[in-house]
Amino acid sequence: MQEKLHFATDKKLRLDEFLREELPHCKQLNGHEVSNSKIRRLIVAGAVSVNGREVVRPAFELRGKSDVCVALDIEKFFFEKQPDDAKFEVSEASVLYEDDDLIFIDKPARFPVEQTITGNRANLHDSLVDFLWHRNPVLRNPPYAGIMHRLDRETSGVILFTKTRSVNAAVSDLFQKHDLTKQYLAVVEVPRHIDGNRHAELVSASISTFTVKMFMGRVTGKSQQGKWGELSEARGGQFSHTDFKVLRTLTVEDRSCLLIECTLHTGRTHQIRVHLASRGLPILGDTLYGGHSATRMYLHAAHLAFKLGDKEYDVRSTPDFLAFS
């Protein structure tokens with residue numbers, strides 16, 4: 001049940017800082033601790049107004065006499081959905097390639113790359129730092145591991161970290177200019193209008209290769225789960241380009257599916273997921289974009305290659321799900 005909590009102040013300070021001071025003292029909260037992340041999410045979700053106007057910026061500065069109203073469902077506010085993250089620690093077995101400057105890790109599905117707003121959550125970056133420090137325990141401070149790109153929590157496969165800051169600019173430039181090879185493997189369900197007799201056709205006929213180009217951007221509000229889609233350039237959409245190749249048919253979780261190789265020419269958020277969904281081929285397990293529910297989202301970063309200085313890198317990973325298809 002939603003309640004409205006009212007506060008008055010003439011202090012000059014940020015809205016999130018004010019609520020951090022006041023919320024724990026409300027009798028409705030019974031002395032419960034209120035985390036910074038909860039306060040930020042409450043504001044971003046549009047549950048806070050100042051002098052009758054909704055404010056969605058945690059850094060909004062209160063000035064002069066301010067009446068602050070918080071619309072709060074107490075039960076939901078203290079409910080924390082526990083993430084179903086995979087249990088994982090970086091080990092020698094998960095290192096695909098390493099030299100003095102770079103390290104490539106084989107990331108599992110359902111494991112975040114870095115810390116999230118929800119707090120002290122296991123993530124790949126922290127695990128890698130622990131792994132490097134364990135190998136060199138004489139170091140007084142944690143070893144450096146630079147995040148150069150990201151994979152969605154649900155996506156598995158090749159991900160790169162830098163081990164020295166001196167190469168960060170050059171590696172960042174590679175990703176910014178997309179002067180590299182990035183290929184993924186995706187599993188999509190065979191569309192309903194295609195019967196079993198046409199499986200072979202899909203792999204051999206012209207439909208086996210196709211390209212998607214579009215301007216795309218975020219199509220949901222800031223307070224909602226992030227979802228991207230086609231968005232005109234005039235509205236802030238960015239150009240995106242992916243080439244696709246149907247490799248073969250396979251059965252995954254008792255569903256007739258296609259294995260598709262995805263070659264990226266740009267690196268937009270959710271690019272492959274949006275492009276495949278736009279062709280009526282949502283990835284199995286990608287419920288955000290219309291795919292059927294599954295034990296995971298079947299998208300895997302399979303190949304990352306580039307030249308850095310006078311050295312060429314070519315790193316590949318085979319997804320576990322191919323062993324069971």
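See the structure shown above.
Keep in mind that what you see is a predicted model, and the values were worked out from it rather than measured. (Residues numbered from 1 in each chain as written. Predicted model: local features only at pLDDT ≥ 70, side-chain atom pairs only at ≥ 80, totals over all residues. Heavy atoms only, no water.)

Observations concerning the pairing of strand 6 (residues 66-73)
No. 1: Strand 6 sits mainly inside the fold: seven of its eight residues count as buried.
No. 2: Where strand 1 (residues 2-9) and strand 6 come together, eight bridges link them in antiparallel fashion. Looking at strand 6, one finds that Thr9 is bridged to Ser66.
No. 3: By the bridge criterion, three bridges tie strand 3 (residues 48-50) to strand 6 in an arrangement that is antiparallel. Paired with Ser49 across the two strands is Cys69, which belongs to strand 6. (Buried < 20%, exposed > 50% of the residue type's maximum accessible area, 1.4 Å probe, protein only. Helix = DSSP H or I, 4+ residues; strand = E, 2+ residues; numbered from the N terminus. Pairing = 2+ DSSP bridges.)

Regarding the packing of aromatic side chains
No. 1: On inspection of all chains with the given rule, the structure shows 10 aromatic pairs.
No. 2: Between Phe104 and Tyr313 the ring centres are 5.8 Å apart and the planes differ by 35°, which places this aromatic pair in the tilted class. Placement of Phe104 in strand 8 (residues 102-107) and of Tyr313 in strand 17 (residues 311-316) is noted, with a sequence separation of 209 residues between them.
No. 3: Between the aromatic rings of Phe210 and Phe244, the centroid separation amounts to 4.9 Å while the plane-to-plane angle is 20°, which identifies the pairing as stacked. Note that Phe210 is positioned in strand 12 (residues 209-218) and Phe244 in strand 14 (residues 238-252), a separation of 34 residues in sequence.
No. 4: Take Phe210: its relative accessible area is 14%, and that puts it in the buried class. (Phe/Tyr/Trp six-rings, centres within 6.5 Å; stacked < 30°, edge-to-face > 60°.)

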